[in-house]
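# Structure assessment
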Amino acid sequence: MANLTRREFLAGAAVLGAGLTPSAAQASGGRSPAPERSGVLVDTTVCIGCRNCEYACKQAHGLATPPQEAYEDRSVFARMRRPDDTALTVVNRYENPRKPGLPVTVKVQCMHCAQPACVSACIVGALTKAENGAVVWDTDKCIGCRYCMIACPFQIPAFEYHKALQPRIMKCDFCFERRKAGRIPACVEICPMEVMTFGPREELVRIAKDRVRRFPERYVSHVFGEFEVGGTDWLYLSGVDFAALQFPRLGRSPAPGVSESIQHGIFAYFIPPVSLYALLGAVMWIAKHSPESGEEA
Ligand code: SF4
Ligand code: SF4
Ligand code: SF4
């Protein structure tokens, strides 16, 4: 192990748990997340804002991208960006209240919540929490209702509004396909500063707390995601209050409250669930098998 960095060592351990499929229990909203699931610890104090992670993510997901050199353009930091259907992760720059002139750059993507509101909002089970930690989306099941977008406390899922036919919900999938092939997430792999550590979530929490304890002058005493909305599998360390980085202030309770409200709203119109699912299923089948869809009936 002498030649392995800590990041690679943790990655190897986590890859052993890769390739797991979404479980039925967790499809219900991830109420029993697997304790051994993987996560990523993002240490914002070492990020240099190079945006290589943006490039690698697009490459890994077959999204259109300019050449890697184009990501050296710092003018993008003039405005705040959010992940969208063309970029599943983006890097933003913030003023540093503790060190003026030394801004903080932060990578943003799906947090892969332990008990994801998006999963519980989805009435057809198109979003699932896999045992390896990834919250993934099934294009065949999705009916484009976009409840997941409303439910997410981090405003992550994006919709391909520009596509008239079969638009998809788009968000970071924790590199589910790469990990099934035994590889670590593309952003983790490419980062020149080892900002991200990929590994078992429980181990990442321990590492994060150890860093905060050993370097109190470097970090605020808060591991974002340890408890927020019931815990997220992506965790963050920071040298400034997370509010200064526009992280939402969230309680410890899981966020399905919003999604349950959505579903209660539907059922308030006295549509029996079985009828609703039959109707939605028919709509979905017709849409997918129409001549324009290119699929055969
Ligand atoms: S690749 Fe690493 S250092 Fe570069 S912006 Fe992304 S997280 Fe920061
Ligand atoms: S951050 Fe949003 S999209 Fe990602 S798992 Fe949590 S609720 Fe779902
Ligand atoms: S884990 Fe994969 S999908 Fe998510 S931000 Fe990183 S590269 Fe993109």
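Residues numbered from 1 in each chain as written. Chains lettered and ligands numbered in written order. Predicted model: local features only at pLDDT ≥ 70, side-chain atom pairs only at ≥ 80, totals over all residues. Heavy atoms only, no water.

Our focus in this paragraph is the overall build of the protein chain. The helix and strand inventory of the protein chain stands at ten helices and nine strands. Burial statistics for the protein chain: of 297 residues in total, 48% are counted as buried. Put simply, 65% of the contacts in the protein chain that link residues at least 6 apart link residues at least 24 apart. As displayed, the protein chain has an accessible area near 14,600 Å², and 57% of this comes from carbon and sulfur atoms. (Helix = DSSP H or I, 4+ residues; strand = E, 2+ residues; numbered from the N terminus. Buried < 20%, exposed > 50% of the residue type's maximum accessible area, 1.4 Å probe, protein only. Contact = heavy atoms within 4.5 Å. Areas by Shrake-Rupley, 256 points an atom, 1.4 Å probe, with all protein chains shown as cover.)

Taken together, the neighbourhood of ligand 3 is formed by 13 residues, with Cys57, His61, Cys172, Cys175 and Cys187 sitting nearest. Its residues placed into classes, the shell around ligand 3 shows eight nonpolar, three polar and two charged. (Near = heavy atom within 4 Å. Nonpolar A, V, L, I, M, F, W, Y, C, P; charged D, E, K, R; others polar.)

Let us now look at the sheet that holds strand E9 (residues 234-237). The strand order E8-E1-E9 describes an open sheet built from three strands, whose pairing is mixed. A single partner strand is all that each edge strand has here, and the edge strands are strand E8 (196-200) and E9. Direction aside, neighbouring strands of the sheet carry axes that sit 20° apart on average. (Pairing = 2+ DSSP bridges. Axes fitted to C-alpha atoms, helices over the stretch in contact; angles between N-to-C directions.)

This part covers the site of ligand 1. The environment of ligand 1 is made up of 13 residues, and the closest members are Cys47, Cys50, Arg51, Cys53 and Cys191. Taking a 2 Å distance to the grid points as the criterion, the majority of the atoms of ligand 1 fall inside the largest cavity. Looking at the shell around ligand 1 residue by residue, the class counts come to ten nonpolar, two polar and one charged. (1 Å grid on protein atoms, 1.4 Å probe; cavity = no way out; pocket = protein on both sides within 12 Å on 5 of 7 lines; lining within 4 Å. Sits in = over half its atoms within 2 Å of the grid points.)

Let us now look at the pairing of strand E1 (residues 38-43). Most of E1 is tucked away, with six of its six residues classed as buried. As paired strands, E1 and E8 are joined by five bridges and run antiparallel to one another. Across the sheet, residue Ser38 finds its bridge partner in E8, namely Pro200. Sheet topology places E1 next to E9; four bridges connect them, and they run parallel. Across the sheet, the residue bridging to Val42 is Tyr236, located in E9.

On to the side chain of Arg201, then. In this fold, Arg201 is placed in helix H8 (residues 201-214). Given the relative accessible area of 11%, Arg201 is considered buried. From its side chain, Arg201 meets the backbone oxygen of Thr232 in a polar contact 2.8 Å long. (Polar contact = N/O pair within 3.5 Å; in protein donor to acceptor, adjacent residues only side chain to side chain.)

Overall, the coordinates contain four cavities of 30 Å³ or more when judged by the stated rule. Taken together, 14 residues line the largest cavity, and the ones lying closest to its centre are Cys47, Cys53, Cys191, Val195 and Met196. A per-class count over the lining of the largest cavity returns eleven nonpolar, one polar and two charged. Here the second largest cavity defines a volume of roughly 90 Å³. A per-class count over the lining of the second largest cavity returns eleven nonpolar, one polar and one charged. (Points joined across faces, edges and corners; volume = space filled by probe spheres on them.)

This paragraph deals with helix H3 (residues 52-60). Burial runs high along H3: seven of the nine residues are buried. Three or more residues of H3 are buried, namely Asn52, Cys53, Glu54, Tyr55, Ala56, Cys57 and Lys58. With its phi angle positive at about 65°, Gly62 sits one or two positions after the end of H3.

Next up on the list: the confidence of the model for the protein chain. When pLDDT drops low, the exact placement of atoms in the prediction is not to be read closely. Of all residues in the protein chain, 75% have pLDDT values of 70 or greater, and the mean over the chain is 83. Per-residue pLDDT stays below 50 along residues 1-9; that stretch engages in 14 contacts with residues further than four places along the chain or on separate chains. Here residues 11-30 is a poorly scored stretch, pLDDT under 50, and it has 53 contacts once near neighbours within four places are set aside; other chains count. (pLDDT = per-residue confidence, 0-100.)

Another point: H8. For H8, with 14 residues, the first-to-last C-alpha span of 20 Å sits near the 20 Å given by 1.5 Å per residue. Listing the buried residues of H8 in full gives Arg201, Leu204, Val205, Ile207, Ala208, Arg211 and Val212. Projected onto a plane normal to the axis of H8, the buried residues spread over an arc of 165° and lie on a single side. Turned more than 90 degrees away from the buried face of H8 sit Glu202 and Arg213, all of them exposed. (Expected span 1.5 Å × (residues − 1). Arc of directions from axis to C-beta.)

This paragraph deals with the layout of surface pockets. One number sums up the size of the largest pocket: a volume of about 580 Å³. Lining the largest pocket we find 26 residues, and of these Val136, Trp137, Asp173, Phe176 and Glu177 sit closest to its centre. Within the residue set of the lining of the largest pocket, elements represented by two or more residues are strand E5 (135-137), strand E7 (169-170) and helix H6 (176-180). When residues of the lining of the largest pocket are assigned to their parent elements, the largest contribution, four residues, is made by H6. Here the lining of the largest pocket is built from residues that sort into 13 nonpolar, five polar and eight charged. In this model, the second largest pocket occupies a volume close to 410 Å³.

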